[in-house]
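Okay, here's what each chain looks like letter by letter:
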Amino acid sequence: MPRHLASGLAVFFLACVPACSAQLTGTNDPAKPGQPTGTGGAASAGAGPWQPGDNGDPQAAGVLPLRILTRAELDNTITLIFQDEYGLPLGDLHAAASLPGEVVDLTGFLNVGEITEENVLRYMDVADKVVLKVAPALPKVMGCDVAAADASACVKSFVQTFGALLYRRPLADDEVNEHLAFFEKERAELGADAPTAAARLLKAMLQAPYFLYRWEQGWVVPEHDAKVARLNSYQVASRLAFFLWGSGPDRALLAQAKAGTLTTPEQIAASARAMLQSPRAEQALASFHSQWLGLNALDMTFKDPTRFPQWNDALRASMQDEVQAFTRDTLLHGDGTVATLLGGSYSFLNEALAKIYGVAGVAGTELRRVDLDPNQRAGLLTMPALLAATSEPSTPNPFKRGKLLLEKILCRKLEPPPTVPALPVPDATNPQPERQVLETMTAGQPCATCHQQINPLGFGLSNFDAIGQFQTQDRAGFPIDAAGKLPTGEAFSTPRELAAALAANPEVLSCVTKQWFRFGFGRPEDAADKYSLGTAYASFQGASFNVRELLVSLVTSRSFLNRQIEAGEVLQ
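Quick caveat: nothing in here was measured; it's all calculated off a predicted structure.

Student: Talk me through the pairing of strand β6 (residues 346-349); I want residue IDs and the actual numbers.
Tutor: Residues of β6 alternate between two faces, with Tyr346 and Phe348 on one and Ser347 and Leu349 on the opposite face, all of them buried. Two elements, β6 and strand β7 (residues 368-371), share 4 bridges in a ladder whose sense is antiparallel. Bridging from a neighbouring strand, serine 347 pairs with valine 370 of β7.

Take a look at the structure:
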């Protein structure tokens, strides 16, 4: 494929490549590698192609999908390049906000959907916004004043240095010459002065497929065997950065790639641990937990103002901030374990959140660490963000809560129900316990097949109302019964016991492994990933299920550092 910056090719590339990417990230053909995890029917075991103890072929590696940057990845990368590396304040630019919406794919995480002609124009708009913002500092970005210096030499140096950061790899000589030819054509044929031509070149580079797509397969395959191709150091740097930072690599990481210090698993593990100490790691953690737990639903969540007059945008934002502060503290500064994530009896509250928790002595809008009542609260699952997002405007919804736990925490797959009746209105003339009413409602077929697993989990969180306040009685005035069993048989009687049972459950721990794999690899796991998942899980288990060590193990796995060779691929 020729390497041109011409806008026609960029439009073609943007519009056509996602069809190939979609083929790699999801398919319903069980013979193909994108097969989604879990079997059909109602709440299945969700075994997928891997479970702990199934260590697979040590010579195999999974596919490497071609992915376009998400809105968060695009904004994070623009910030990294222009603000962090070049020192240009971008303020609240958020250039990617105008891009098309994203979809939840077979991984359960967000991916860019089909690229239409209109969406291509939106990518042009992003480039326009960035160039307009940085235009006054163009000499700083270029490293020289193109109007005062030898224009060709100035632009060539810019393309080599800035281009390597933008495209996440060094440019070949013919690529540098093509960029330079673009600049010269703008001047010679279109009559632009040197600064204008340079700004147009920058705009074109921000629309190039080499920037917008994560082209980690590369054009050539220098190292391969009969089954897999090994990624080069720059491709590894790119995968590391997007997984652990949610952005492209910085100059320091690219310098490691150039020096050959991203080659061995030991070197990559050391770099990964250092990257997890960077503030940039907070971006990836926030993105993972928001998507994994469905917290984006809070943005569209409405609450009955009569029952919950305290509900407003500020409270909604504080709930989301609390989750991110807690997960950031646990994974980056604390013990990093699943036991703390699902069982910690502390959180980060401001005055508005403290009122939801019933905690006195917290004032102001800033979050601060607060110890909580361990009889009421236990980690992520009892935080108001998750509880409010899985509730109706005036009442909690145990079905939504149970479904989230079943699918996101246990990785069990549910088929869509044939019908979804509204929750029944309490009968004031003949009140009954709400749990009893709902269990009766879902006792018959076809509901019972799924609800026999959904209901116990959802009712295990019924001590919390529609905004996450602790309660001991339901709306009918009956004592709340939160007892139940996990699908694997472990009994619990309180929300804290539910959280503890989940934190110790092997199915949950393997699910956490799979969820991070799906998030970081951009596709569901397949049979070729068994060895990589098995070795990562073994390290995870050996580290008392410390998520930091899981991430290090995943980025040093065979499926992370290698990829399947595709049919018809030309090899050196």
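Student: How would you explain the nonpolar core if you had to name every residue and give the values?
Tutor: Counting 153 residues, the largest nonpolar core has Phe82, Phe162, Phe183, Leu240, Phe243, Leu244 and Trp516 as its most contacted members. Ranked by residue count, the leading element in this core is helix α5 (residues 151-167), at 9 residues. Contacts of phenylalanine 243, omitting those with residues within four sequence positions, involve Ala284, Trp516, Phe519, Gly520, Phe521, Leu551, Leu554, Val555 and Phe560.

Student: I'd like a rundown of unusual backbone geometry, residues and numbers included.
Tutor: Look at the link from glutamine 445 to proline 446: it is a cis peptide, with omega at 5°. You will see that cysteine 411, though not glycine, has its phi angle at about 60°, which is positive. Take cysteine 411: it is sitting in the loop between α17 (398-409) and α18 (434-441). Residue class for cysteine 411 comes out buried when judged on its relative accessible area of 7%.

Student: Tell me what's going on with the state of the cysteines, and back it up with residues and numbers.
Tutor: Enumeration according to the criterion identifies 2 disulfides in this entry. Note that cysteine 144 is cross-linked by a disulfide to cysteine 154, the S-S spacing being 1.8 Å. Note on the cysteine 144 and cysteine 154 pair: the S-S dihedral is about 90°, so by sign convention the disulfide is right-handed. One end of the pair, cysteine 144, is in the loop between α4 (138-142) and α5; the other, cysteine 154, is in helix α5, and 10 residues separate them in sequence. Cysteine 154 matches cysteine 144 in its accessibility class, with the two residues each being buried.

Student: Explain the environment of histidine 333 to me, using residue names and the numbers behind them.
Tutor: Note on placement: histidine 333 falls in helix α13 (residues 313-333). Leaving out residues up to four positions away in the same chain, histidine 333 has contacts with Arg328 and Arg548.

Student: Break down the pattern of salt bridges for me, with residues and values.
Tutor: Across all of its chains, the model carries 27 salt bridges by this definition. Among the ionic contacts, a cluster of salt bridges with common partners joins Glu73, Arg214, Glu216 and Arg239.

Student: How would you sum up the packing of helix α6 (residues 173-188) against helix α7 (residues 194-206)? Please name residues and give values.
Tutor: At their nearest, the axes of α6 and α7 sit 9 Å apart, and the two run at 135° to each other. As judged from the angle between their axes, α6 and α7 are oblique. Like other packed secondary-structure pairs, α6 and α7 cross with a definite hand, here right-handed. Only Ala194, Ala197, Ala198, Arg200, Leu201, Ala204 and Met205 of α7 make contact with α6, whose side of the interface consists of His179, Phe182, Phe183, Glu186 and Arg187. A class-by-class count of the residues in the contact of α6 with α7 yields 8 nonpolar, 1 polar and 3 charged.

Student: I'd like to hear about the side chain of aspartate 465, residue by residue, with values.
Tutor: Mapped onto the elements of the fold, aspartate 465 is located in the loop between α19 (447-459) and β8 (484-485). The buried charged residue aspartate 465 lacks any salt bridge, with arginine 307 as its nearest oppositely charged partner at 5.6 Å. One polar contact links the side chain of aspartate 465 to the main-chain amide nitrogen of isoleucine 467, over a distance of 3.0 Å. Among the polar contacts made by the side chain of aspartate 465, one reaches the main-chain amide nitrogen of glycine 468 at a distance of 3.0 Å.

Student: Hey, could you go over the packing of aromatic side chains for me, with residue numbers and the actual values?
Tutor: Taken as a whole and assessed by the stated rule, the structure comprises 22 aromatic pairs. When the ring of phenylalanine 109 is compared with that of phenylalanine 288, the centres are 5.7 Å apart and the planes differ by 25°; the resulting orientation is stacked. With phenylalanine 109 in the loop between β2 (102-104) and β3 (110-112) and phenylalanine 288 in helix α12 (residues 281-292), this pair connects stretches of sequence that are 179 residues apart. Overall, phenylalanine 109 belongs to the buried group, its relative accessible area being 4%. Given a relative accessible area of 1%, phenylalanine 288 falls into the buried group. One aromatic cluster in this structure is built from Phe109, Phe243, Phe288, Trp292, Trp516, Phe517, Phe519, Phe521 and Phe560. Cation over ring: arginine 169 sits above tyrosine 210, and NZ or CZ is 5.4 Å from the ring centre. In this arrangement the basic side chain of lysine 303 is found over the ring face of tryptophan 311, its NZ or CZ atom lying 5.9 Å from the centre.

Student: Tell me about the environment of glycine 364, and please be specific about residues and values.
Tutor: By the secondary structure assignment, glycine 364 is in the loop between α15 (351-357) and β7. Put simply, glycine 364 and glutamate 351 are 13 residues apart on the chain and 5.4 Å apart in space, counted from C-alpha to C-alpha. Sequence-distant contacts of glycine 364, that is, excluding residues within four places in its chain, are made with Asn350 and Glu351.

Student: Explain the environment of glutamate 184 to me, and be specific about the residues and the numbers.
Tutor: Secondary-structure assignment places glutamate 184 in helix α6. Not counting residues up to four positions away in its chain, the partners in contact with glutamate 184 are Ser152 and Glu189. In terms of polar contacts, glutamate 184 uses its side chain to reach the side chain of serine 152, at 2.7 Å.

Student: Provide a residue-level description of the packing of α12 against α13, including the pertinent values.
Tutor: Interhelical geometry of α12 versus α13 gives an angle of 120° and a closest axis separation of 10 Å. With respect to their mutual orientation, α12 and α13 come out oblique. Both α12 and α13 take part in a crossing whose hand is right-handed. Counting all contacts with α12, which are made through Ala281, Glu282, Leu285, Ala286, His289 and Ser290, the residues of α13 involved are Gln324, Thr327, Arg328, Leu331 and Leu332. A per-class count over the contact of α12 with α13 returns 5 nonpolar, 4 polar and 2 charged.

What counts as what
Residues numbered from 1 in each chain as written. Predicted model: local features only at pLDDT ≥ 70, side-chain atom pairs only at ≥ 80, totals over all residues. Heavy atoms only, no water. Buried < 20%, exposed > 50% of the residue type's maximum accessible area, 1.4 Å probe, protein only. Helix = DSSP H or I, 4+ residues; strand = E, 2+ residues; numbered from the N terminus. Pairing = 2+ DSSP bridges. Core = buried A, V, L, I, M, F, W, Y, C linked by side-chain atoms within 4.5 Å. Contact = heavy atoms within 4.5 Å. Disulfide = S-S within 2.5 Å. Salt bridge = Lys/Arg side-chain N within 4 Å of Asp/Glu carboxyl O. Axes fitted to C-alpha atoms, helices over the stretch in contact; angles between N-to-C directions. Parallel < 35°, antiparallel > 145°, perpendicular 65-115°, else oblique. Left-handed = near helix turned anticlockwise from the far one by under 90°. Nonpolar A, V, L, I, M, F, W, Y, C, P; charged D, E, K, R; others polar. Lys, Arg positive; Asp, Glu negative; His and termini not counted. Polar contact = N/O pair within 3.5 Å; in protein donor to acceptor, adjacent residues only side chain to side chain. Phe/Tyr/Trp six-rings, centres within 6.5 Å; stacked < 30°, edge-to-face > 60°. Lys NZ or Arg CZ within 6 Å of the ring centre and 35° of its normal.

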